[in-house]
Amino acid sequence: MKNERVALLDVRSFELTFLIGTKGFNSSLVVCGEHTEEYEGYSAQGFLDEAAFEGAVRAAVAPVLKTYKGKLQKIYVGTPSPFLRLRTVGQNLPFSKRHKVSATDIETLYDCGLNVLAEEGRHIHHSAMYFAIGNTNNYYSEEELYGTPSASLRGGLCYYFADESYCAAVERALKPFGFTEIVFLPTMLAEAVYLLPKKERAGYAVLLDVGYLTATVSVVYGNGTVHEKSFTGGVAEIIFYLTKRFGVEPDVAESILACANIAVGDDHKEQPWTNDEGVSIPVAQINDVIEYGVDQLCDHVNRFLDERYKDKDVVMPNNTLWITGEGVGAIMGIADHMSRRLERSVKILSPDLAYNDRPSQSSRLALLSMAISNQQKKFPYRLFGGKRR
């Protein structure tokens, strides 16, 4: 099958990226063109300036399409957690007689689960934590089920609903470019499926995306999201703390953060940080401020897990915390400090892709992977008697 090129918009909390990409050799991802624009961003409560967001979208898309020799009818758009609502449901589908499970059966199961939900917002995606057949407790992925004989099908299903206001803002911004179809994708789920190996998602996995203005923590299981929550905090919050503590301008605070490493030993902490303007600050004091900001992230993660799992028979404290996002690259030593603070293993996730292997690239490449998978589903779904979704 010829690899199709897809258009994608990745919306982060302080910048957005439009790109055109495709699948390359050995299932790698190839970015054919991209452009990034900064804007006022969003907090956990939504856009700080919706009009500025729409302007940034147009400014990011226009230069890429201008040089692209081709016509793209469809565009995929990432939906960040502040604009997303998640619902989960356990659903059972008995068959009139025993037969081999088809893609149509799986689609029917999803439809049944959706029908029992009364959720505001636009249904943009669905996935499953697991599927099971008959009276067994054997869990399957969607592809493993095809052709398996059973008298029933059940699953732990996840449904993702985007805020209509977010969808409307995206649609207004993209209207000048003539796209005939806009497909919204859940960003955190894309990251989990792309970055976390299947064996890690065979049980509960905890993923934290540290952005510039916001961070999101998500618990995933299989190919589904169990719980998810966003909170205001990240790189910008630490820069703010640095400006207040040392009375410097934000650009100086950014330079301080870029040079700092909160994992350094005590010998280095006695040395001062200096710049060409004569500013001199002890490294120990700088690290104290940055560590305080990282501690705020840790507190958010702990509160989230306590709210969801404190009284349940799920052992979460021992699970590895996986972290990614531009904040992970901007705050050197963050994994070591969070590990000590949370008393659990903390590991950094980034794309396994040459020249794009930084945590800041995670969301755009994860969404590109999900978009390409969406494009290619039309073939197996026709083959197994199902409809494309």
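Refer to the structure presented above.
Being a predicted model, the structure only gives us computed values, none of them experimental. Each chain has its residues counted from 1, following the order in which its sequence is written. Two thresholds apply to this predicted model, a pLDDT of at least 70 for residue-level local features and 80 or more for giving and counting side-chain atom pairs, whereas whole-chain, interface and lining totals are computed over all residues. Excluded from the side-chain calculation are hydrogens and water; included are all heavy atoms of the structure.

Caption draft 1: Quick look at the overall build of the protein chain. By definition, any uninterrupted DSSP run of H or I lasting at least four residues is a helix, any uninterrupted run of E lasting at least two residues is a strand, and each is numbered from the N terminus. Scanning the protein chain from N- to C-terminus turns up 13 helices and 17 strands. In terms of overall dimensions, the protein chain is globule-like: its C-alpha atoms have a radius of gyration of 22 Å, near the 21 Å expected for 389 residues. With respect to the three principal axes, the spread of C-alpha positions in the protein chain is 80 × 55 × 40 Å. Classification of residues uses two cut-offs on accessible area relative to the type maximum, computed with a 1.4 Å probe and protein chains only: under 20% is buried, over 50% is exposed, and between them is partly exposed. For the protein chain, buried positions account for 53% of its 389 residues. Within the protein chain, counting contacts between residues at least 6 apart in sequence, those at least 24 apart form 68% of the total. Within the structure as shown, the protein chain displays about 18100 Å² of accessible surface, and the carbon and sulfur contribution to it stands at 48%. To get the radius of gyration, use the C-alpha atoms; to get the globule rule, take the number of residues to the power 0.38 and multiply by 2.2 Å. Any two residues whose heavy atoms approach within 4.5 Å are treated as being in contact. Each accessible area is a Shrake-Rupley estimate made with a 1.4 Å probe; only the visible protein chains count as cover when residues are assessed.

Caption draft 2: Up close: the packing of aromatic side chains. When two rings of Phe, Tyr or Trp (its six-membered ring) have centres within 6.5 Å they constitute a pair, described as stacked for plane angles under 30 degrees, edge-to-face for angles over 60, and tilted for the intermediate range. Following the criterion strictly, the structure yields 17 aromatic pairs and no others. For the pair Y42 and F83, a centre-to-centre distance of 5.3 Å together with 80° between the ring planes defines the contact as edge-to-face. Of this pair, Y42 sits in strand β4 (residues 42–43) while F83 is found in the loop between β6 (74–79) and β7 (84–100), placing the two residues 41 residues apart along the sequence. There is no split in this pair, since Y42 and F83 are both buried. What links up through ring pairs into an aromatic cluster is the set Y39, Y42, F47, F53, F83, Y166 and F184.

Caption draft 3: Quick look at the environment of L321. Relative to the elements of secondary structure, L321 occurs in strand β16 (residues 321–324). C-alpha separation for the pair L321 and S43, spaced 278 residues apart in sequence, amounts to 23 Å. Residues within four places of L321 in sequence aside, it is in contact with V206, L208, M338, L342, R344, S345, V346 and K347.

Caption draft 4: Representation of the pairing of strand β11 (residues 205–210). Burial of β11 is extensive: six of the six residues sit out of reach of the surface. Of the two faces of β11, the one holding A205, L207 and D209 and the one holding V206, L208 and V210 are both buried throughout. Being paired, for any two strands, means DSSP has found at least two bridges between them. When β11 meets strand β12 (residues 214–221), the two strands line up antiparallel, connected through six bridges. Bridging across to β12, L207 finds its partner in S218. Where β11 folds back on β12, the antiparallel hairpin that results is connected by three residues. Of the pairings in the sheet, the one linking β11 to β16 comprises four bridges and is parallel in character. Note on β16: the bridge partner recorded for D209 is T324.

Caption draft 5: Spatial organisation of the sheet that holds β11. Strand order across the open sheet formed by five strands is β13-β12-β11-β16-β17, with mixed pairing between neighbours. Of all the strands in the sheet, the pair left with one neighbour each is β13 (224–232) and β17 (346–348). Within the sheet, the average angular offset between the axes of one strand and its neighbour, ignoring direction, is 20°. Pairing between β16 and β17: three bridges, direction parallel. Note on β17: the bridge partner recorded for I323 is I348. Across the sheet, helix α9 (residues 283–309) lies against β11, β12 and β13, angled at about 140° from β13, the strand it touches most. Axis definition: a line fit to C-alpha positions, over the contact stretch in the case of helices; interaxial angles, taken between N-to-C directions, run 0 to 180 degrees.

Caption draft 6: Seen up close, the nonpolar core. In this description, a nonpolar core means a group of buried Ala, Val, Leu, Ile, Met, Phe, Trp, Tyr and Cys residues linked to one another through side-chain atoms lying within 4.5 Å. Judged by nonpolar contacts, the single largest core of 98 residues is most densely connected at F18, L208, L242, I290 and M338. Among the elements that make up this core, the one with the highest residue count is α9 (ten residues). The contacts of M338, once residues within four sequence positions are left out, are L208, V294, C298, L321, I323, E343 and V346.

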